[in-house]
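Architecture at a glance
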Amino acid sequence: MSGRAAALLRSDLVLVVAALVASGLGALLVHSATRHEAGSAYLVRHLLNLGIGVLIALVAVRLDRGLLRALAPVVYLAGILGLVLVLTPLGAEVNGSRSWIRLPGGFSIQPSELAKVGLCVALPMLLAPAAERGERPRPREILLAGLVTGVPVLLVMAQPDLGSALVLVALALGVLVVSGAAWPWLAGVAVAVVTAVVAAFTTPLLSPYQQDRLTAFLDPGTDPMGIGYQTRQVRAAISGGGWGGQGLHSGELTSTGAIPFQETDFVFSVAGEELGFVGAAFVIALLGLVVARVALAGTRSRDPFVRLVCWAVAAWFAVQAVENIGMNLGLLPVTGLPLPFLSYGGSSMFACWAAIGIVVAVTSDIRGTRPRGPRR
């Protein structure tokens, strides 16, 4: 075993194995959702994406916390550059959102995923010095953090992509909470988020396709552009799975391709129909374990930068998983977010495994000096 792979496993075997199991289970679910029309093509691509993602994690493991902290502006600016380029003629529109950049050979990337990684390291870089001084973040530091968060959020909303924007905001809010920011600042962020969501629902900010998604959530019977049909089919698939499921590759709706984009946005419905309540609960528990191990790694660290990085990644994974599973269950509007590690898609897989590698890298040595608590 190479030194990098050994370092990856020595850090937190439970975290790495949970992420691998989730990715492997995702391969089975993606194959089940696509084999009727594409054979094993999506399965091979999903496994290829997983292999590349693990390689990215192995590269990230080589970064120590000092180097990662120094590279944080570069990673953040790379994400911003990608979000800018997607709004140029290089960007491609899919389902009413201009979120992709087409590459030669039929490949494409989604810069919003890289922006999540960038924010996970940029915000801790800005807010960790306060904890190292034994203080709460100063107003200037919080305002700068707000600016650093606002730029990618506005660029993502310009696509528009409400789901990714909410994940970025939730990620930032989680970092602010853990940094010890005073409650008036947190309340201000919450008010700003609510205002933005209300504006998204009540103004032409979103594309007609995304507005139809929200309409279909409120009333699936309206069936605009077939979206209401899609959400009804997803709910029927999950409810049809019962306790034990209909069997892998045997789901009535999954095996007939009755649910559009099931391998990406609605891969959870495959688990619900074919593996039943038990299988769906296992998926939730598996993702919960990943989030818990990342958060625990941050809690155990005595380095403020490490702690904030871990909680940023934990908030990202948790909020995105809740959004995706919630829209599958009909509890939240359809926002087009992939389920971490399980959904088909290279950009999401690469970003998730890059985050795992970063967590492993920064927590491989937790022998720092415990900082003093924030001054009240």
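Anything mentioned here points back to the structure above.
Residues numbered from 1 in each chain as written. Predicted model: local features only at pLDDT ≥ 70, side-chain atom pairs only at ≥ 80, totals over all residues. Heavy atoms only, no water.

Moving on, we get to the overall build of the protein. Looking only at helices and strands, the protein has 13 helices and 3 strands in total. The 376 residues of the protein split such that 53% are buried. Considering only residue pairs separated by 6 or more positions, the protein has 71% of its internal contacts joining residues 24 or more positions apart. For the protein, the exposed surface amounts to about 15,800 Å²; the carbon and sulfur share of it is 69%. (Helix = DSSP H or I, 4+ residues; strand = E, 2+ residues; numbered from the N terminus. Buried < 20%, exposed > 50% of the residue type's maximum accessible area, 1.4 Å probe, protein only. Contact = heavy atoms within 4.5 Å. Areas by Shrake-Rupley, 256 points an atom, 1.4 Å probe, with all protein chains shown as cover.)

Here we come to the environment of Val-75. Relative to the elements of secondary structure, Val-75 occurs in helix 4 (residues 65–85). On the basis of relative accessibility, which here comes to 23%, the residue Val-75 falls in the partly exposed class. Separated by 42 residues in sequence, Val-75 and Val-117 place their C-alpha atoms 7.6 Å apart. The residues touching Val-75, leaving out its near neighbours within four places in the chain, are Val-117, Gly-118 and Val-121.

Turning our attention to the packing of aromatic side chains. Going through the model one piece at a time under the given rule, you end up with 5 aromatic pairs. Their ring planes at 70° and their centres at 4.9 Å tell us that Tyr-42 and Tyr-344 sit as a pair that is edge-to-face. On the criterion of sequence distance, the pair formed by Tyr-42 in helix 3 (residues 41–61) and Tyr-344 in the loop between helix 12 (304–328) and helix 13 (346–363) is long-range, its members being 302 residues apart. A ring pair is formed by Trp-243 and Phe-277, whose centres lie 4.8 Å apart and whose planes are at 65°; its orientation type is edge-to-face. Taken together, the residues span a long stretch of sequence, with Trp-243 in the loop between helix 10 (227–240) and helix 11 (267–300) and Phe-277 in helix 11 at a distance of 34 residues. (Phe/Tyr/Trp six-rings, centres within 6.5 Å; stacked < 30°, edge-to-face > 60°.)

Sheet topology places strand 1 (residues 91–94) next to strand 2 (residues 97–102); 4 bridges connect them, and they run antiparallel. Bridged to Gly-91 within strand 2 is Ile-101. Here strand 2 runs beside strand 3 (residues 108–109); their pairing, made up of 2 bridges, is antiparallel. Residue pairing for strand 3: Arg-102 is matched across the bridge by Ser-108. (Pairing = 2+ DSSP bridges.)

Moving on, we get to the packing of helix 6 (residues 139–157) against helix 7 (residues 162–179). Following both chains from N to C, one finds helix 6 and helix 7 inclined at 170°, their axes separated by 8 Å at the closest point. Of the possible angle classes, the one that applies to helix 6 and helix 7 is roughly antiparallel. The handedness of the crossing between helix 6 and helix 7 is right-handed. Counted together, Ile-142, Thr-149, Pro-152, Val-153, Val-156 and Met-157 of helix 6 and Leu-162, Ser-164, Ala-165, Leu-168, Val-169, Ala-172 and Leu-176 of helix 7 form the full contact between these two elements. Residue composition of the contact of helix 6 with helix 7, by class: 11 nonpolar, 2 polar and no charged. (Axes fitted to C-alpha atoms, helices over the stretch in contact; angles between N-to-C directions. Parallel < 35°, antiparallel > 145°, perpendicular 65-115°, else oblique. Left-handed = near helix turned anticlockwise from the far one by under 90°. Nonpolar A, V, L, I, M, F, W, Y, C, P; charged D, E, K, R; others polar.)

Grouped together as the largest cluster of nonpolar side chains are 97 residues, with contacts concentrated most on Trp-316, Phe-317, Leu-339, Phe-341, Leu-342, Trp-353 and Ile-356. Contact partners of Ile-356, with chain neighbours within four places excluded, come to Leu-15, Ala-19, Val-290, Phe-317 and Phe-341. (Core = buried A, V, L, I, M, F, W, Y, C linked by side-chain atoms within 4.5 Å.)

Turning our eyes to something else, we now look at the sheet that holds strand 2. As summarised here, the arrangement of the 3 strands in space is 1-2-3, forming an open sheet in which the pairing is antiparallel. Because the sheet does not close on itself, it has two edges, and the strands there are strand 1 and strand 3.

Turning our eyes to something else, we now look at the pattern of salt bridges. One pass over the structure, following the stated rule, counts 6 salt bridges. Here Asp-303 makes a salt bridge to Arg-65, at a shortest N to O gap of 3.3 Å. Of this pair, Asp-303 sits in the loop between helix 11 and helix 12 while Arg-65 sits in helix 4, and the two are 238 residues apart along the sequence. Both residues of the pair, Asp-303 and Arg-65, belong to the buried class. (Salt bridge = Lys/Arg side-chain N within 4 Å of Asp/Glu carboxyl O.)

Following both chains from N to C, one finds helix 3 and helix 13 inclined at 25°, their axes separated by 7 Å at the closest point. On the basis of the axis angle, helix 3 is roughly parallel to helix 13. The element helix 3 and its partner helix 13 pack so that their crossing is right-handed. Here helix 3 contributes His-46, Asn-49, Leu-50, Ile-52, Gly-53, Val-54, Ile-56, Ala-57, Ala-60 and Val-61 to the contact with helix 13, which in turn contributes Gly-346, Met-349, Phe-350, Trp-353, Ala-354, Gly-357, Ile-358, Val-360 and Ala-361. Its residues assigned to classes, the contact of helix 3 with helix 13 comprises 14 nonpolar, 5 polar and no charged.

This paragraph deals with unusual backbone geometry. Backbone geometry at Phe-261 places phi at a positive 60°, although glycine is not the residue there. Structurally, Phe-261 is set in the loop between helix 10 and helix 11. Phi at Phe-341 takes a positive value of approximately 75°, unusual for a residue other than glycine. Locating Phe-341 in the fold gives a position in the loop between helix 12 and helix 13. Residue Phe-341 is classed as buried on the basis of its relative accessible area, which comes to 2%.

Moving on, we get to the side chain of His-46. You can see His-46 is positioned in helix 3. His-46 sits in the buried class, given a relative accessible area of 0%. At 3.2 Å, the side chain of His-46 forms a polar contact with the backbone oxygen of Ser-23. Beyond its immediate stretch of four places on either side in the chain, His-46 contacts Ser-23, Gly-26, Ala-27, Val-30, Phe-341, Leu-342, Ser-343, Tyr-344 and Met-349. (Polar contact = N/O pair within 3.5 Å; in protein donor to acceptor, adjacent residues only side chain to side chain.)

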